[in-house]
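# A look at the structure
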Amino acid sequence: MRSLANIGKELSPRGRTLRELELNLSQIGLAEIRSLLREDIFRRAFPCLEDGDRRRDAVTAETLGEYQKFVRDSFLESIGGLPDSTAPLNARTVRTHDMGGFILENVVFESRTHSYVTANLYRPKNQSDKVPAVLVPLGHTDEGKAFDEYQRVAQMLVYSGFIALTFDPIGEGERFEHYEKEIAFEPIQGCSGEHDLLDWKCKLTGESLIKYFVHDGMRAIEYLLSRPDVSEVAVTGHSGGGTQTSALMTAASHLLSAAAPCSYTTDKRAMYETAKDPDNEMIWQGLAAKGIDYADIMAGMAPKPVMILSNSYDFFPREGTERTFEKIKRLWSNIGAETVPELVRVDSAHSFTEELAKAVTRFFSKNLLGHDADLTGFEYRRLEPDILNCTKTGQIVEEFSDLVTTHDLLVKREKELKDARLAQPYEKRRENAIKWLSDKVYSGRKPQSVNVRVDDEGVMAHYIYRRLVWKPEEGYFENGVLIKDMRHGDDTPLPTVIALWEDGTEAIERHSLWLHRQCAAGRQVLIVDLVGTGSCAPNRLSGQFMDIGWSTNYILNAELMDLGDCYAALRTYHSVSALGVVPDLPLPYDGKFIFYGEGEYARYAKIAALLTGTAVIDNRDYQTYGEIVREKYHDQTHTSDWIFPGILEFTDMDEIDGYLKDNNLLM
């Protein structure tokens, strides 16, 4: 048992248990690797965004339409397009209230057939002529349209002569879907939790939940324009409503006369540098790779009036807000626009403050009414939910027996995708799956020689172990440990099992029995610390844990998805790269490899096995992607491990098992 790191020396005993090996390995490392993923994201993203800046700065009045079409098409592609808009709105006012200074209408319309939207329309009392309307999409709040900030801005707008429409987004106000009739109502996961649950399903089908938010907004605009008292429509929304406002500025600019996103606008560089965690519906697959930034999304409104509303102490970084403002000002100037974008910032934390509400009211008054707004006598009056609610129970899921939820639509979409896959001839279906997976796993990588080095080695109990460091691709180092039974010595070539599981070399003790059985069966095991886990876990980027909620791995995976990538694809590539580790060592090996993955990591093992024609030990301790979509509630604990955007258009894990089995690769 010779040393590889110290030629001429023999390996020496270092301990008696695999627990000691795990502890020993935690103290060793050749390279600082915890920041490499983030550095790679920066290295990939920033040049694309700089290219996007140059493309935008080259836009002229003559090329504006072409540029806006490129951005709009790219945006719609990234969110999976828009639902059909031909279904009748069936809009009706279910109640009307005389509030003294204005009339409040409780409105219900169908954005899609049997998809009911609850809305409040504020209109001036004794109005005779057509007036501009302002759509106010809502941010994240369980109260929905009853939240004070949105009531206040709507009342301020109607006081100034506008019609204002607020409506509950999916998962807020009266539109909670994750609701069980058998128990007293509570938003089971709150609005953000419901959005996450739905959006992960959307991602698997190649969509984003924002497509449904945008579609609801577009149908709301359509409803406003159908009214005899509305002349034109503008939009302003705060936080998540700022997201919706910005998306509408690209997707529905032809329907809008002016726009003012609030407490959302920044830029991607600032989001990356501050590790800000976007909400799920703010993750738009692949746009950063195309150089599309916040300024490009807003540019859909050019040359119309635009105002950015912001807070000095917002978690959306103000540095990015200021850069984006300068970028859109430059664009408006380059195309010879008659209007100039405006920026208002107030000294406050994240909120649609009264000062910002006044600013946007004055902005719309100046641009749409042709005069300044006089708010001298305005007094806000909070209205209770029993006045604002459009349903008797306060929830549409209780009110409409024919309700089609977003979950219902996604279940239908999953079935359509599966039926379309299975309708193809077997060989064609397999070919399409492998091609798509190959593109996702290999595209954009920078392969190189693994350049293995031995970092530590010795004998632990009856095992020979070698701690290894290698380069799975340019810009990365990865760690692992090679373990074999000492009784085989160094001269016996053995098949190698590449072991992939959560926490990698930091979970050796947990897998000690499995390791014992593999070695006893005459195999050696290479335990791999895949990027983002084990000794390759990233530095913490948020105050939360590594793998839940808006945690570090959530943030990093969101940034990867912004580049058209994801942890699942990256880790699968690094799993494939591990096939080159053992051959790079000065030790005999028999050329046989077997992948083994546990839990969610079994997905990487099986996809790597399919792409390389390598055997894999069967482990199905995970849900198929179709099962995740079909379940009303699914486990979100390790979402960044399993999410593979768009996979259901081409394959699912049970189908991958079939392809492996048919080629005698599933052990």
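Presented here is a report on the structure given in the accompanying data block.

This paragraph deals with the overall build of the protein. Along the backbone of the protein there are 22 helices and 17 strands. A compact globule built from 667 residues should have a C-alpha radius of gyration of about 26 Å, and the protein, at 28 Å, falls within 12% of that. Projected onto the principal axes, the alpha-carbon positions of the protein cover approximately 95 × 50 × 45 Å. Within the protein, the proportion of its 667 residues that are buried is 62%. Expressed as a percentage of contacts within the protein between residues at least 6 apart in sequence, the contacts between residues at least 24 apart total 75%. Working note: accessible area of the protein is about 24600 Å², and carbon and sulfur atoms make up 49% of it. Each charge class in the protein was averaged separately, 76 positive and 103 negative side chains, and the resulting centres sit 3 Å apart.

According to the stated counting rule, one finds 53 salt bridges in the structure shown. Between R382 and E143 there is a salt bridge, and its shortest N-O distance comes to 3.7 Å. Of this pair, R382 sits in the loop between α11 (354-369) and α12 (385-388) while E143 sits in the loop between β5 (131-136) and α4 (148-159), and the two are 239 residues apart along the sequence. We classify R382 as partly exposed; its relative accessible area is 32%. The partner of E222 in a salt bridge is R219, and the shortest N-O contact between them spans 2.8 Å. Residue E222 and its partner R219 are located together in helix α6 (residues 210-226), separated by three residues, close to a single helical turn. On the basis of relative accessible area, E222 is assigned to the partly exposed category, the value being 34%. Accessibility expressed as a relative area gives 1% for R219, which makes it buried.

Moving on, we come to unusual backbone geometry. Residues A302 and P303 are joined by a peptide bond in cis, for which omega reads 5 degrees. Structurally, P303 can be placed in the loop between α9 (294-298) and β9 (307-311). Even without a glycine there, the phi angle at S263 is positive, about 55 degrees. For S263, the position within the fold is in the loop between β8 (258-262) and α8 (268-273). With relative accessibility at 2%, the residue S263 sits in the buried group. Although it is not a glycine, N451 sits at a positive phi angle of roughly 50 degrees.

Here the focus is the packing of aromatic side chains. Summed over the entire model, instances satisfying the criterion amount to 23 aromatic pairs. Centroid distance Y426 to Y659: 5.7 Å. Interplanar angle 70 degrees. Geometry classified as edge-to-face. With Y426 in helix α15 (residues 426-442) and Y659 in helix α22 (residues 653-662), this residue pair connects regions lying 233 residues apart in the sequence. Put simply, the rings of Y264, Y294, F315 and F316 pair up and form one aromatic cluster. The ring of F46 has R269 sitting right over it, with the charged end atom 3.9 Å from the ring centre. The ring of Y625 is capped by R603, whose NZ or CZ atom sits 4.5 Å from the centre of that ring.

Summarising the element assignment, T614 is placed in the loop between α19 (601-612) and β17 (615-617). Polar side-chain contacts of T614 include one of 2.7 Å to the side chain of T612. Among all residues touching T614, those that are not within four sequence positions of it are L579, F593, I594, F595, A609 and L665.

Counting buried residues in β9 gives five out of five residues, a clear majority hidden from the surface. Every second residue of β9 is oriented toward a common face, with M307, L309 and N311 on one face and I308 and S310 on the other, all of them buried. Running through helix α10 (residues 318-334), the crossover from β9 to the neighbouring parallel element strand β10 (residues 342-346) is right-handed.

A separate point is the nonpolar core. If you look at the biggest cluster of nonpolar residues, it comprises 127 residues, and the most contacted ones within it are L135, L224 and F644. Core analysis: the next-biggest nonpolar cluster, separate from the first, contains 36 residues, V134, V136, F352 and F363 among them.

When you line up the elements, H140 lands in the loop between β5 and α4. With a relative accessible area of 23%, H140 lands in the partly exposed category. Through-space distance from the C-alpha of H140 to that of S351 is 11 Å; in sequence the pair is 211 residues apart. Here H140 is in contact with E172, C191, S192, H195, G240, D279, E281 and M282, once residues within four sequence places are set aside. At a separation of 3.4 Å, a polar atom in the side chain of H140 contacts the side chain of H195. A distance of 2.6 Å separates polar atoms of two side chains, one belonging to H140 and the other to E281.

Considering the arrangement of structural elements, one finds F42 in helix α2 (residues 36-57). Considered as a pair, F42 and R382 are 340 residues apart in the sequence and their alpha carbons are 46 Å apart. Once you skip the residues sitting within four places of it in the chain, F42 turns out to touch P47, Y272 and E273.

Bringing the sheet that holds strand β16 (residues 593-597) into the picture now. Pairing in this open sheet of eight strands is mixed, and the strands run β1-β11-β12-β13-β15-β14-β16-β17 from one edge to the other. Each edge of the open sheet carries a strand with a single partner, namely β1 (13-15) and β17. For this sheet, the mean inter-axis angle between neighbouring strands, taken without regard to orientation, is 30 degrees. Here strand β12 (residues 463-470) runs beside strand β13 (residues 478-485); their pairing, made up of eight bridges, is antiparallel. The partner of V469 across the bridge, within β13, is N479. The strands touched by helix α16 (residues 512-520) within the sheet are β12, β13, β14 (496-500), β15 (524-529), β16 and β17, with β15 carrying the most contacts at an inclination of about 140 degrees. Its contacts with the sheet place α19 against β14, β16 and β17, and it is angled at close to 155 degrees to β16.

A separate point is the packing of α19 against α22. Axis separation between α19 and α22 bottoms out at 10 Å; the angle between their running directions is 45 degrees. Relative to α22, α19 is oriented oblique. Where α19 crosses over α22, the handedness of that crossing is left-handed. Contacts between α19 and α22 involve R603, K606, I607, A609 and L610 from the first element and M653, I656, D657, Y659 and L660 from the second.

Basis of the calculations
- Residues numbered from 1 in each chain as written.
- Predicted model: local features only at pLDDT ≥ 70, side-chain atom pairs only at ≥ 80, totals over all residues.
- Heavy atoms only, no water.
- Helix = DSSP H or I, 4+ residues; strand = E, 2+ residues; numbered from the N terminus.
- Rg over C-alpha atoms; globule rule 2.2 N^0.38 Å.
- Buried < 20%, exposed > 50% of the residue type's maximum accessible area, 1.4 Å probe, protein only.
- Contact = heavy atoms within 4.5 Å.
- Areas by Shrake-Rupley, 256 points an atom, 1.4 Å probe, with all protein chains shown as cover.
- Lys, Arg positive; Asp, Glu negative; His and termini not counted.
- Charge placed at Lys NZ, Arg CZ, Asp CG, Glu CD.
- Salt bridge = Lys/Arg side-chain N within 4 Å of Asp/Glu carboxyl O.
- Phe/Tyr/Trp six-rings, centres within 6.5 Å; stacked < 30°, edge-to-face > 60°.
- Lys NZ or Arg CZ within 6 Å of the ring centre and 35° of its normal.
- Polar contact = N/O pair within 3.5 Å; in protein donor to acceptor, adjacent residues only side chain to side chain.
- Right-handed = clockwise from strand over helix to strand, strands pointing away.
- Core = buried A, V, L, I, M, F, W, Y, C linked by side-chain atoms within 4.5 Å.
- Pairing = 2+ DSSP bridges.
- Axes fitted to C-alpha atoms, helices over the stretch in contact; angles between N-to-C directions.
- Parallel < 35°, antiparallel > 145°, perpendicular 65-115°, else oblique.
- Left-handed = near helix turned anticlockwise from the far one by under 90°.

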